[in-house]
Amino acid sequence: MTSVLEARDLTKVYQTTHGHEVRALSGLNLTLAPGETLGVVGESGSGKTTLSRLLLGIEKPTSGEVLFRGKDRQQFGHADRREYVNAVSAVFQNPYSSLNPRRRLWDIVTERQAIEGHTGKRDRRARAAALLDLVGLRAEFAESFPHQLSGGQRQRVAIARALAQDPAVIILDEPMSALDVSVSGQISNLLLDLQQQLGVSYLFIGHDMHQIRHLSHRVVVLLKGECVEQGDAQTVMAHPQHPYTRGLIAASELETLEVSG
Amino acid sequence: MTALLEIKNLEVDYFAGADTLPAARGVTFEVRAGTATALVGESGSGKSTVAMAIMRMIRPPVGDIVGGSIEVDGLELVDLPDRRMREVLQRHIGFVPQDPTTALDPLYRVRTQIAESMPGVARGELNERIADLLASLGIGDAMSRMRSYPHQFSGGMCQRVAIAIALAGDPKVLIADEPTTALDVTTQVGILRLVDRMRRERQLATLLITHDVRVARLLCQNVVVMYGGVVVERGPVRDVLEAPRHPYTRALMESSAQGRAPRRPLRAIPGQPATLREMPAGCPFAPRCERALDICATAMPPPTGAEHSVFACWNPEDR
């Protein structure tokens, strides 16, 4: 199976001001196939956000490689880089801070198009209408500002923006964590539906084991920057091998607070 | 057992310019000594408004309590003078915040922050009292660790310190606002166990504010479900959550991904949560409700039922 995105021995070490080293990510290997959802589970400090920043190219790895369609990102030329930013997009946790409050929605979702040089406003508005429709928002919203929307609607806008350049991969960094329960179900359904329609791959970063199990084909479990377990989502959830994975699942399935045997 | 916290027909409004926004309407419930009640709802449901109102922290020009009553151990709080209210907050009500890393003051040692909530304790006894309290909350080596600053503690340990501050005045009522939401899953369990143990040991009337039905089920005997500022259903956890009568309660239970077939659509609730600005005359959930009748949009259903749960619905689910 050819992978669309691959991380090989990916390592990120941060230097603190006092000269200490913090290994945020340590020798991580993962692959993402076309149309696949890879769930990344971990608690705070596990390196999941570092992983998303490395994959998005916001930061450079200390060592190791990120390969896109088999090509090492370090060997990218100008055209490759441009292709990459269009092919790998992102939806962030907090839709209250990830959308520019001073821009209208049509402008937000088609910003990448403008950067690519397709600046005709009529084209961009038409594209915006199609994108908003795709994520289940009425066309009237195109002229609205983010503050006029609820949290769930904003997250739909963030998803529309991520879809704008027909990406191969969307990195979803805790996209439901800031949303209400009744709305996170809608977003979960939307993500499944879009994947079916468009064949896009997801790297879904989260901490809710039920959501991860529900959405993912395969999972990676991170602990302090290292992968402790990786495999088929249903298998890992049903038969976790690593004690940490077992702990995470037990905590999420706890039925009573009474301590038993 | 008597009700230590009794809320009757509580009405809270927020003021936004010329507008009056109803944030809590006719909220009624009670919490008995040694029991825990969960106030469950989404953002904008009014759950935090009720908690803040109990502590009289909603004041003009932001908003005000415009009706109803709040009694703690028989004492009416709604029109209590500020000086007496401070006493109540010091001695009778403990509050655990959502995010201890921001609620604790980074500039003061943990000891100082706990001591603040122990007025009247002799200086000579203070260290010992604080150490005992911290030790009972699972903080080892308490004598020396109380001299640390909040940043030297992990999130879970900070929450234990916050609980220590809440319990320092030996209150009868404990209000915890999403006490585990900011914590990692594995840390959450420890904090939940701790709140549970304190409830039993100290016979606390515990009010847990949460959006998480699972946490409510783990920690509480009773549950109050709020939507759009009204209580849609309340009663024992086993009745309300196992056999919900209000369609919103049922929809809330079903929208979780837990136990659902992988990669199949969830039964999500359509539409957006109610906003205070567009509150219908009838049931606030009616615009999103699949069981809604004509009357639901125009008239607020009265609370009915008693045996298992009290619910406000014109067309309830079957039991």
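Reading the values: the criteria
Residues numbered from 1 in each chain as written. Chains lettered and ligands numbered in written order. Predicted model: local features only at pLDDT ≥ 70, side-chain atom pairs only at ≥ 80, totals over all residues. Helix = DSSP H or I, 4+ residues; strand = E, 2+ residues; numbered from the N terminus. Rg over C-alpha atoms; globule rule 2.2 N^0.38 Å. Buried ≥ 20, exposed ≤ 12 C-beta atoms within 10 Å, placed from the backbone. Contact = placed C-beta atoms within 7 Å. Nonpolar A, V, L, I, M, F, W, Y, C, P; charged D, E, K, R; others polar. Domains from an automatic or database assignment.

A short note on the overall build of chain B
- When its secondary structure is counted, chain B shows twelve helices and eleven strands.
- In terms of C-alpha radius of gyration, chain B reaches 20 Å, essentially the compact-globule figure of 20 Å for 319 residues.
- With the principal axes as the frame, chain B shows a C-alpha extent of 70 × 50 × 40 Å.
- Here chain B, with 319 residues, has 45% of them falling under the buried criterion.
- Put simply, 63% of the contacts in chain B that link residues at least 6 apart link residues at least 24 apart.

Examining the overall build of chain A
- The secondary structure content of chain A amounts to ten helices and ten strands.
- Against the 2.2 N^0.38 benchmark of 18 Å for 261 residues, chain A shows a C-alpha radius of gyration of 19 Å, consistent with a compact globule.
- Summarising its shape, the C-alpha atoms of chain A cover approximately 65 × 45 × 45 Å along the three principal directions.
- Residues counted as buried form 45% of the 261 residues belonging to chain A.
- The contacts in chain A between residues at least 6 apart in sequence include a share of 67% that link residues at least 24 apart.

Here's the deal with the interface of chain A and chain B
- Chain A puts 28 residues into the contact, and the matching count from chain B is 28 residues.
- When residues of the side of chain A that touches chain B are traced back to their parent elements, those giving at least two are helix H6 (151-163), helix H7 (181-198), helix H8 (209-215) and helix H10 (243-253) of chain A.
- In terms of residue count, H7 of chain A provides more of the side of chain A that touches chain B than any other element does, eight residues in total.
- Tallied by class, residues from the side of chain A that touches chain B come to eight nonpolar, 17 polar and three charged.

Structural notes on the domain arrangement of chain B
All names here are of chain B.
- Each assigned domain of chain B is listed with its residue range as follows: domain 1 (3-92 + 171-311) and domain 2 (102-170).
- The distance between the C-alpha centroids of domain 1 and domain 2 comes to 29 Å.
- Counting from both sides, the interface comprises twelve residues of domain 1 and, opposite them, twelve residues of domain 2.
- Only helix H2 (82-91) and helix H8 (185-202) provide two or more residues apiece to the side of domain 1 that touches domain 2.
- Counting residues per element, the side of domain 1 that touches domain 2 draws most heavily on H8, which supplies five residues.
- Partitioning the side of domain 1 that touches domain 2 into residue classes produces eight nonpolar, three polar and one charged.

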